[in-house]
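Examining the three-dimensional arrangement
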Amino acid sequence: MNDTVLVLNGPNLNLLGKRQPEIYGRETLADVEALCRETAAGLGLAVDFRQSNAEHVLIDAIHEYRVGSAGIVINAGAYTHTSVAILDALNTCEVPVIECHISNVHRREAFRHHSYISLAATAVLAGFGTHGYALAIRHLAHLRAGRPA
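Residues numbered from 1 in each chain as written. Predicted model: local features only at pLDDT ≥ 70, side-chain atom pairs only at ≥ 80, totals over all residues. Heavy atoms only, no water.

Formally: UniProt positions are given in the numbering used here, feature names are shortened, and annotations may be inferred rather than shown by experiment.
Where an unreviewed UniProt entry is consulted, the chain appears under the name 3-dehydroquinate dehydratase, with the organism given as Methylobacterium oryzae. Database annotation for the chain, UniProt heading Catalytic activity (unreviewed entry): "3-dehydroquinate = 3-dehydroshikimate + H2O". The chain has a UniProt comment under Pathway (unreviewed entry) that states "Metabolic intermediate biosynthesis; chorismate biosynthesis; chorismate from D-erythrose 4-phosphate and phosphoenolpyruvate: step 3/7."

Structure follows, in structure tokens:
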């Protein structure tokens with residue numbers, strides 16, 4: 001098993017800090033990447049941080065990390081609520097998968113209350129802001145140490 005965590009971000013997260021800051025905050029995706037790298041380094045892990053607006057690119061990344069990695073942290077954005085294809089890819093994973101959302105999706109529009117990603121996730125974080133990414137990486141380290149979920 002290698003020490004790399006895939007942090008995967010879906011559509012529109014490239015606009016973090018600019019798009020609806022009243023919901024998602026003012027931190028940019030670069031800020032989130034720095035937080036993830038700092039958190040992981042402190043735990044002896046590395047990060048491969050990616051973002052794409054294209055569903056197939058996200059699926060290809062999942063396939064790349066589904067076996068042998070330290071785990072996957074995924075904020076699939078709107079694909080969370082629509083993509084059976086991403087669910088199918090995540091269902092092939094032999095590593096832990098942490099679903100992460102910046103906002104509390106359960107306090108938002110009804111269509112956001114359903115997640116295909118949750119069906120394959122080891123754990124789900126929502127509403128912790130960008131700090132949720134750090135919590136997700138910490139939980140992967142916790143699981144790697146053989147501690148129970």
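**Focus on unusual backbone geometry**
Inclusion rule: Helix and strand definitions here come from DSSP, where helices need a minimum of 4 consecutive H or I residues and strands a minimum of 2 consecutive E residues; each element is numbered from the N-terminal end.
With a phi close to 75°, N12 is a non-glycine residue in the positive phi region. Take N12: it is sitting in the loop between β1 (4–9) and α1 (21–24).

**Focus on the UniProt feature "binding site: substrate" (unreviewed entry) in the chain**
The line we're drawing: In this scheme, a residue with accessible area under 20% of its type's maximum is buried, one over 50% is exposed, and one in between is partly exposed, where area comes from a 1.4 Å probe on protein chains only.
What UniProt calls "binding site: substrate" (unreviewed entry) maps, in this numbering, to N75, H81, D88, I102, S103 and R112. Along the polypeptide, I102 turns up in the loop between β4 (97–101) and β5 (123–126). Judged by its relative accessible area of 6%, I102 falls in the buried class.

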